[in-house]
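# Observations on the model geometry
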Amino acid sequence: MARPGRFWQWLIAALALAALLAYLRDPPWLGGVTSGLSAWTRDAGGTPFRWTTGHATFYVPAGVRDLIIPLRAIHARRGHLPLTVRVEVDGRPAHALALDDERWHEVHVPIGAAAAKRRHRRIELRVNRTHGRFYRGVQVGELKMAE
Amino acid sequence: MRPAASTAPSQPPRPTALAPEAPRSLFAAAARVLTRAERGVVVSLALLTLLGYGVIYAGGLARGPVRSDGFGYFIYLPAVIVHGDPSLERVADDCCGGRLVHGIARWPGTNRFVNQYPIGVATLTAPVFAAVHALSLWSGLPTDGFSPFYQHGVGLCAILALAAGLELLRRVLRRAYSPAIATVTLVIITLGTNLAHYATWDPIYSHVYSFALICALLYVVPCWYDSPTTRRSLVLGAISGLIVLVRHPNALFLLLIPLYGIAHLDDVRSRATLIRTRWRGVLTAIAAMLVVVLPQLALYRAATGRWIVSTYREQWFDFAHPEIVNVLFSVTKGVFFWSPVLLVAIAGFFMMRGHARVWRTAIVVVVALHAYVLAAWWDWQMGASYGHRGFTDTLGLLALPLAAALERAAARPRLAAAAAALIGAAIALSIAQMIQVWLGIMPMHSVTWDQYQRLFLRFP
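The structure reproduced in this document is the subject of the present report. (Residues numbered from 1 in each chain as written. Chains lettered and ligands numbered in written order. Predicted model: local features only at pLDDT ≥ 70, side-chain atom pairs only at ≥ 80, totals over all residues. Heavy atoms only, no water.)

In this structure, B:Leu100, B:Leu256, B:Trp359 and B:Leu400 are the most contacted members of the largest nonpolar core, which totals 135 residues. Take this core: its biggest share by element is 14 residues, from helix α10 (residues 207–226) of chain B. With near-sequence residues (within four places) excluded, B:Leu100 lies in contact with A:Tyr135, B:Phe71, B:Ile75, B:Leu88, B:Ala92, B:Cys95 and B:Phe113. Among the nonpolar cores identified, the runner-up in size contains 23 residues, and A:Ala73, A:Val85, A:Val107 and A:Val109 belong to it. (Core = buried A, V, L, I, M, F, W, Y, C linked by side-chain atoms within 4.5 Å. Buried < 20%, exposed > 50% of the residue type's maximum accessible area, 1.4 Å probe, protein only. Helix = DSSP H or I, 4+ residues; strand = E, 2+ residues; numbered from the N terminus. Contact = heavy atoms within 4.5 Å.)

Structure (structure tokens):
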């Protein structure tokens with residue numbers, strides 16, 4: 001009875017795949033995922049930060065309504081052009097700023113209502129310039145969130 | 001795809017101490033164990049390598065797999081699959097502030113990006129990258145093409161390439177050698193050299209893919225000579241094209257095809273006649289190869305205005321002053337210094353017989369030329385690496401004479417015992433030194449004899 005046995009194998013495989021995709025649709029561990037961010041380090045004053053590349057992604061819980069992102073640009077002005085950072089929430093533009101000094105700036109990002117019901121909101125930082133062989137963009141400090 | 005009949009003079013394998021009909025002894029027992037082990041040796045070596053991969057990245061010994069040369073091989077994937085732009089402009093704007101470094105520069109005149117790393121590795125790993133991209137879109141994961149999911153999805157393809165290469169090599173070895181010899185040879189090639197390093201620490205470098213493709217060539221060429229069907233010609237051409245696509249200087253390895261079975265000058269004339277009579281198969285293979293290579297040529301044309309370019313603009317060959325002794329024997333990066341077990345392969349060249357012997361001339365010529373080209377490169381060390389990574393691509397070729405030496409040793413019990421002890425020590429040393437490199441104890445380039453002595457088998 002090879003054919004019925006094969007049918008059940010395919011059915012089980014399809015159900016397993018469907019279950020895996022359902023689980024991965026909104027995984028609970030997404031909050032810990034980042035991309036385009038270096039490991040944590042500290043500046044001379046002891047402030048912890050991470051470097052971004054030209055495009056960094058991280059996640060905040062869906063209940064967060066206000067997000068404050070500390071940003072600092074090193075070598076902010078190159079050829080008289082400021083370094084710009086665009087902030088996106090779930091792929092939609094939320095904020096943009098130009099950094100033309102090397103101080104810490106706290107960027108306030110209001111998190112609007114989500115288009116889809118998910119556990120986390122995706123925050124992306126897009127930097128127009130990088131430097132060095134590791135494509136360093138801006139420094140990002142510890143986030144402050146309000147629900 | 002098996003050869004219908006070997007075109008090589010074949011001799012039955014001589015009974016050895018590792019043959020089933022040998023007297024009951026420790027060696028007969030070892031032979032039985034190794035023969036049974038042959039079934040699972042490829043999977044076992046792949047799993048062991050996977051363990052090494054996990055130790056490196058879960059243990060934080062290295063940043064993500066996409067770094068250094070790996071970035072150059074990888075960048076085509078987000079460029080094409082995420083951004084739909086093979087020119088690299090959009091991916092550069094997205095990831096890197098509009099600039100790309102380390103082997104990627106703007107071509108004078110056109111101002112377009114030219115990448116010195118070709119598209120072969122990206123081509124082979126594209127299906128996995130595309131699957132990860134689809135999953136990332138579905139899950140809400142980062143879709144920039146550089147998240148850890150993309151990087152490790154592609155990085156783990158190196159384990160698959162290693163397994164595929166070892167399986168093909170196992171089949172090649174089994175045409176001439178016993179299961180026990182094939183098993184031991186595969187273990188030595190994987191663990192006694194830097195092959196495992198290039199499937200784990202630098203998995204997006206080209207070397208493990210070149211290794212697998214050259215093993216595929218070893219497997220397919222006898223089949224083609226036996227019967228150059230359209231299908232076999234297409235496969236031969238595709239493999240040849242991929243070898244060039246993964247690393248352009250490895251076009252040298254295509255000499256294996258015309259040199260297969262050549263032992264005397266008379267063979268050259270009869271080979272020329274054979275090629276002429278099989279012109280359809282030859283043209284089919286060449287056409288298949290050109291189809292595979294065409295996308296790379298099209299990229300060069302779009303970026304530079306020329307179909308064929310040298311992408312190494314500030315790097316050069318010095319064929320008049322090759323560093324032969326250094327690439328072979330130096331403590332800095334000598335292949336025999338860092339993989340001493342390969343000296344057994346050199347001895348094995350004089351012991352090859354039967355189906356393996358038909359490869360001898362081809363392997364000697366290709367490996368010698370390859371060594372010369374590596375030695376003539378301005379950076380004969382080939383940068384930071386474990387052992388000399390230029391020779392990683394040749395390990396499938398060296399497996400055949402290595403197996404011949406093992407077979408000869410196995411026929412003499414005392415010699416076999418001594419060989420087993422020495423080879424075991426060489427494998428242990430290779431693994432230990434590889435781990436030293438992973439831990440940052442042993443430098444990855446420009447090692448001096450004083451440094452080596454001071455750091456020999458030192459661990460924290």
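Further notes follow.
All names here are of chain B. Considering all chains together, one arrives at one disulfide over all chains under this definition. With a sulfur-sulfur separation of 2.0 Å, Cys 95 is cross-linked through a disulfide to Cys 96. For the disulfide bridge between Cys 95 and Cys 96, the dihedral angle about the S-S bond is near -85°, and by the sign convention the bridge is left-handed. We classify Cys 95 as buried; its relative accessible area is 5%. Cys 157 carries a free sulfur, and the closest cysteine sulfur to it, the one in Cys 215, is 18 Å from it. In this structure Cys 223 is not part of a disulfide, and its nearest cysteine sulfur, from Cys 215, lies 14 Å away. (Disulfide = S-S within 2.5 Å.)

All names here are of chain A. Counting buried residues in strand β5 (residues 83–89) gives five out of seven residues, a clear majority hidden from the surface. As paired strands, β5 and strand β6 (residues 92–99) are joined by seven bridges and run antiparallel to one another. By the bridge assignment for β6, Glu 88 is matched with Pro 93. Linkage of β5 to β6, two consecutive antiparallel strands, is achieved through a turn of two residues, within which Asp 90 is found at a positive phi near 50°. The sheet contact formed by β5 and strand β8 (residues 120–127) spans five bridges and is antiparallel. Considered in β8, the bridge of Arg 86 is made with Arg 126. (Pairing = 2+ DSSP bridges.)

A common way to report how large an interface is uses the accessible area buried once the components associate. Contacts between the two partners involve 20 residues from chain B and, on the opposite side, 26 residues from chain A. Summed over both sides, the interface between chain B and chain A buries roughly 1,800 Å², with carbon and sulfur atoms accounting for 52% of that surface. Summed over the shared surface of chain B and chain A, the result is one salt bridge. A:Arg126 is the partner of B:Asp94 in a salt bridge, and the nearest nitrogen-oxygen pair spans 2.4 Å. If you look at where chain B meets chain A, you find 15 residue pairs in polar contact (both at pLDDT 80 or more). Breaking the side of chain B that touches chain A down by element, the ones donating at least two residues are α5 (89–96), α6 (120–139) and α7 (148–174) of chain B. Looking at the side of chain B that touches chain A residue by residue, the class counts come to 12 nonpolar, four polar and four charged. (Buried area = accessible area lost by both parts, 1.4 Å probe. Salt bridge = Lys/Arg side-chain N within 4 Å of Asp/Glu carboxyl O. Polar contact = N/O pair within 3.5 Å; in protein donor to acceptor, adjacent residues only side chain to side chain. Nonpolar A, V, L, I, M, F, W, Y, C, P; charged D, E, K, R; others polar.)

Residues and elements named next belong to chain B. Among the structural elements, Gln 436 can be located in helix α21 (residues 413–438). Classification of Gln 436 as buried rests on a relative accessible area of 0%. Discounting residues that sit within four places of it in the chain, Gln 436 has contacts with Ile 441, Met 442, Leu 455, Phe 456, Leu 457, Arg 458 and Phe 459.

Turning our attention to the packing of aromatic side chains. All names here are of chain B. According to the stated counting rule, one finds 29 aromatic pairs over all chains in the structure shown. Seen in terms of ring centroids, Tyr 198 and Tyr 205 are 6.0 Å apart; in terms of plane orientation they differ by 40°. Their pairing is tilted. Both residues of the pair, Tyr 198 and Tyr 205, belong to the buried class. Three or more aromatic residues joined by ring pairs form one cluster here, namely Tyr 312, Trp 316, Phe 317, Phe 319, Tyr 372, Trp 377 and Trp 378. A cation over a ring is seen here: Arg 106 above Phe 113, with NZ or CZ 3.9 Å from the ring centre. (Phe/Tyr/Trp six-rings, centres within 6.5 Å; stacked < 30°, edge-to-face > 60°. Lys NZ or Arg CZ within 6 Å of the ring centre and 35° of its normal.)

Geometric values such as these leave the question of function open.
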